[in-house]
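Fold and geometry: a report
Each chain, letter by letter, is given below.
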Amino acid sequence: MLDKYITPVIKPLLTPVVALMHKRGITPDQLTVVGFLVGLLAVPLLAFEMWYGALVAIALNRILDGLDGALARYANLSSSAGGFLDITLDFLFYAAIPLGFILANPEQNAIAGAILLATFIGTGSSFLAFAIAAEKFKLEKPQFKYKSFYYLNGLTEGTETIALFIAFCIWPQHFAIMASIFAAACAITIFTRIHGGYHTLKQQEADANKATEDTLSSANSEVIND
């Protein structure tokens, strides 16, 4: 929900950094992989209840995640392969953080963490499934033109998820209640994405079929006239 407001603010701040990285020969894919590995360090840190160490790992992951896309655009290296790598590792990272809290306190966190992970699957699958169909119909992405593929909006997006992870690390004793509330918000996102995505694609299919029928009708009329 907040991504479309936060991204334009952050984007200009990254330009001097990515310009320096480009001069050093650093590639976007390298940043993506390094950021993912740094983010995974949060899992053992969380398991051993090193909350602020995990918070640093999470923050570094998000910084590098922002830099890889900015570097790709700056160096004109944006690609479908890079976008695929980025989003795949992002979703693995998102799933890893709740796992770390479950490992830290299975008795208290397991159920809420499992529910949160289930809703993460729902938001991710609805997001990616629509992106595939949107590519087929060449739908515009006015709010996220810099992305490799179509981004379907929702109540819980990247900004909200990272805010949640930060809150988890600051108040780990309240993980279960915060995870449950966020899972409910994710459920709303899943519903709105399925509902909105389904009807959007139905309309696109209807428009495409009508356009085909009009073309055939026009061609038939020309043949008859000839």
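Residues numbered from 1 in each chain as written. Predicted model: local features only at pLDDT ≥ 70, side-chain atom pairs only at ≥ 80, totals over all residues. Heavy atoms only, no water.

Some remarks on helix H6 (residues 106-137)
Over its 32 residues, H6 extends 45 Å from the first C-alpha to the last, a length consistent with the 46 Å expected when each residue adds 1.5 Å. Along H6, the helix axis deviates most sharply at Ala 112, where the bend reaches about 25°. Looking one or two residues beyond H6, the residue adopting positive phi is Lys 138, at roughly 55°. (Helix = DSSP H or I, 4+ residues; strand = E, 2+ residues; numbered from the N terminus. Expected span 1.5 Å × (residues − 1). Bend = angle between axes of the 7 residues up to and from the residue.)

Things to note about the environment of Ala 81
Among the structural elements, Ala 81 can be located in helix H5 (residues 80-104). Owing to a relative accessible area of 56%, Ala 81 belongs among the exposed residues under this scheme. In this structure the C-alpha to C-alpha distance between Ala 81 and Asp 29, which are 52 residues apart in sequence, comes to 9.2 Å. (Buried < 20%, exposed > 50% of the residue type's maximum accessible area, 1.4 Å probe, protein only.)

A word on the side chain of Thr 156
Tracing the backbone shows Thr 156 in the loop between H6 and helix H7 (158-170). A residue is classified by how much of its surface remains accessible, and Thr 156, at 7% relative accessible area, is buried. Sequence-distant contacts of Thr 156, that is, excluding residues within four places in its chain, are made with Thr 123, Phe 182, Ala 185, Cys 186, Thr 189 and Arg 193. (Contact = heavy atoms within 4.5 Å.)

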